[in-house]
Amino acid sequence: MAIAQDDIERLRETISLVDIVQSYVPLRRVGRNWVGLCPFHAEKTGSFNVREETKRYRCFGCGAAGDVFTFVQDIEHLDFVGAVEQLAGKAGITLTYTSGGQSKDRQHRKQLIEVMAKATEWYHERLLNGPDAKEARDYLRKRGLAGEVARQFKLGWAPDDWDAMSSDIGVKVDLLKEVGLAFINKRGKPQDSFRARILFPIYSDGGDPIAFGGRILPGSKDPAKYKNSPETPIYAKSKTLYGLNWAKGDIVAADEVIVCEGYTDVIGFHRAGIRRAVATCGTALTEEHVRLLKRFANKVVLAFDADAAGQGAAERFYEWENRYKVQVSVAQFPAGRDPGDLASSNPQALVSAVTGAKPFLGFRLQRVLDAGSVATPEDRSRTAQQAMAVINEHPDLNVRKIYAGQVASHVGIPAADLVAIAQRGSRRPSAQIVSTPISAHKDNGEFVAIALMIQLWDQIAPWLVEELFSDDVYRRAFLSLAETKGNLIEALASADPEAREVLERAAVADVEVRPIVEAWNLVAAAVRRELLQRVRISDPEEIRKDRDARVLLEQLEVPTAADAAATQLLEWLVVRAGDHT
Ligand SMILES: [Zn+2]
């Protein structure tokens, strides 16, 4: 099913892009744009620009750009149809569906998912029944992952063979390549990507199989313990969480999600009766993940060593807490045990680790206090300093003060002294807003002209011709706009990637110039360029015309004569430059 184009255009016209963006991130008016912190990358200064008139947004930090539909698609992880449906719901518009079938994209996606489903079944069947999978079955049984568990999570076995799957599954090798299941080897033959590995199928949150995580058996000589599917048209690591398809309902019911590090941890939680666990797929937790989870729950429990997650992790977590209004806490496990182990040996410990999860700052502080000595006054002072350094990373003054009180009683330093330190907080620069960095283009008249075409078509378009653009990319951007009579949407669709980038930038550019003056400047610049190329002209008639052109250039400076001069110069230019562009 496709949605009628009229409805899509009507939505685009009626919906305020600024309002939609504002419902996710605060924006501030800066010049003609609305500016705020980019929801698609972590930043402290706002480089996300939204322009209501052109209905476009662009981030000068990460390059994210588009219209209201791409915005909703990216922020809500929806496909185009899903985004249109959501926006229509908000705007109270009833959509008309045409029976013209699905878009090409959707059909292709469906096809790739069917390939993944076939492969998942093939590997699963092999694990359950293949004589060569006995060692894998034994290993899984020892870890409590055989039988029902293997069936529930569709675990698979990739045989130790070159092309066992590719040659047997009955799927074109091109499709297998596209989903990362096969490649063409040096001898020109299809070869399976996964070999001698236990496979964990990874599903989208909607329940479609989209990738595999593979791990070797103990004793294997393969140096890569874990191997995952590459990014494919249906699989983006930073937007995927293993187990979300099974956990969704429980996550919503509990308003809490548990984030683990590995597939077996997720399964371990399920075995212990806690079904709201997910895992990242071989990456750290990203902002995209948090945004995705926020759709389901407000509380995030980290079931991994969050302190070891790397420098800057704390800052990121606080920022996400603040931006997405989620509460991040940390579950503490007995040293050296992961959730996967505990599910077998001590499921009760798994349950209490989650129920006893501490707020992220409390968890980190406890670590510092546990490690710090309070034996001597010097030790106490040092421990207090270390603790206050951790506390002061937190953005909320009241939170800092309360924890400072705890530190004071632990080390025996007057509370008032530590609260005074907490009041200073960290010296991190606070979020500030910067305006569109358009200055880089200030002196580029060709870019300004393109921005004006998008924003004030009627006033500048009559003056513009292809020959005015010396920069090849700008010329292509101009042409795509000219061919669509200034229709930005159509121009973006027809432009090549470089020209599209220029159009995206121009759609949010702040240009404070008179269009006609800008047009005349462009004409003058182009005429001068052309004259420079004509120094060797010998035909007396042509030399006379060039001299006239120089006179006209001077008249451009005279207000009463400028209009006529520009018109003649444009004619002069098109006749001559037309020969060689
Ligand atoms: Zn960005």
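Placed above this text is the structure.
An account of the accompanying structure is given in this report. Note that this is a predicted model, so its numbers are computed, not measured. (Residues numbered from 1 in each chain as written. Predicted model: local features only at pLDDT ≥ 70, side-chain atom pairs only at ≥ 80, totals over all residues. Heavy atoms only, no water.)

The subject of this paragraph is the overall build of the protein chain. Of the regular secondary structure elements, the protein chain holds 27 helices and 21 strands. Expected size for 581 residues packed as a compact globule is a radius of gyration near 25 Å; at 31 Å, the protein chain overshoots this value by more than 25%. Taken along the three principal axes of its C-alpha coordinates, the protein chain extends 100 × 75 × 50 Å. Burial status across the protein chain gives 49% buried among its 581 residues. Taking contacts inside the protein chain between residues at least 6 apart in sequence as the whole, the part at least 24 apart equals 66%. Summing over all exposed atoms, the protein chain offers an accessible surface of approximately 27700 Å²; the carbon and sulfur share of this is 51%. (Helix = DSSP H or I, 4+ residues; strand = E, 2+ residues; numbered from the N terminus. Rg over C-alpha atoms; globule rule 2.2 N^0.38 Å. Buried < 20%, exposed > 50% of the residue type's maximum accessible area, 1.4 Å probe, protein only. Contact = heavy atoms within 4.5 Å. Areas by Shrake-Rupley, 256 points an atom, 1.4 Å probe, with all protein chains shown as cover.)

Within strand E16 (residues 256-260), 5 of the 5 residues are buried, which leaves it mostly tucked inside the rest of the structure. On E16, burial covers both faces: Glu256, Ile258 and Cys260 on one face and Val257 and Val259 on the other are all buried. The pairing of E16 with strand E18 (residues 299-302) spans 4 bridges and is parallel. Looking at the pairing, Val259 lines up with Leu302 of E18. Between E16 and its parallel partner strand E17 (residues 277-280), the chain crosses via helix H11 (residues 263-271), and the hand of that crossover is right-handed. (Pairing = 2+ DSSP bridges. Right-handed = clockwise from strand over helix to strand, strands pointing away.)

Relative to the assigned elements, Leu488 resides in helix H23 (residues 488-494). The buried category is assigned to Leu488, whose relative accessible area is 9%. Along the primary structure Leu488 and Arg56 are separated by 432 residues, whereas in three dimensions their C-alpha atoms are 9.4 Å apart. The residues touching Leu488, leaving out its near neighbours within four places in the chain, are Thr54, Arg56, Ile454, Leu481, Leu503 and Ala507.

On to the side chain of Thr484. Along the polypeptide, Thr484 turns up in the loop between helix H22 (472-483) and H23. A residue is classified by how much of its surface remains accessible, and Thr484, at 13% relative accessible area, is buried. Polar contacts involving the side chain of Thr484 include one to the main-chain carbonyl oxygen of Ser480, which spans 3.0 Å. Beyond its immediate chain neighbours, meaning those up to four positions away, Thr484 contacts Glu490 and Ala491. (Polar contact = N/O pair within 3.5 Å; in protein donor to acceptor, adjacent residues only side chain to side chain.)

Another aspect to go through is the sheet that holds strand E19 (residues 327-330). Strand order in the open sheet formed by 6 strands is E15-E17-E16-E18-E19-E20, and the pairing between neighbours is mixed. If you trace the sheet from one side to the other, it starts and ends with strand E15 (241-242) and strand E20 (358-359), each paired once. Sheet topology places E18 next to E19; 4 bridges connect them, and they run parallel. Residue pairing in the sheet places Val300 in a bridge with Val328 of E19. The strands touched by helix H10 (residues 244-254) within the sheet are E15, E16, E17 and E18, with E17 carrying the most contacts at an inclination of about 125°. (Axes fitted to C-alpha atoms, helices over the stretch in contact; angles between N-to-C directions.)

Time to look at the packing of aromatic side chains. Applying the stated criterion across every chain, the model contains 22 aromatic pairs. Between Phe40 and Tyr57, the aromatic rings sit 6.5 Å apart at their centres with planes inclined by 35°, giving tilted as the arrangement. Of this pair, Phe40 sits in the loop between strand E3 (33-36) and strand E4 (45-46) while Tyr57 sits in strand E6 (residues 56-59), and the two are 17 residues apart along the sequence. With respect to burial, Phe40 and Tyr57 carry one shared label: buried. Over the face of the ring belonging to Phe60 we find Arg58, whose NZ or CZ atom lies 5.1 Å from the ring centre. Looking at Lys227, its charged tip hangs above the ring of Phe194, at a distance of 5.8 Å from the centre. (Phe/Tyr/Trp six-rings, centres within 6.5 Å; stacked < 30°, edge-to-face > 60°. Lys NZ or Arg CZ within 6 Å of the ring centre and 35° of its normal.)

Any functional reading would require information that these geometric values do not contain.
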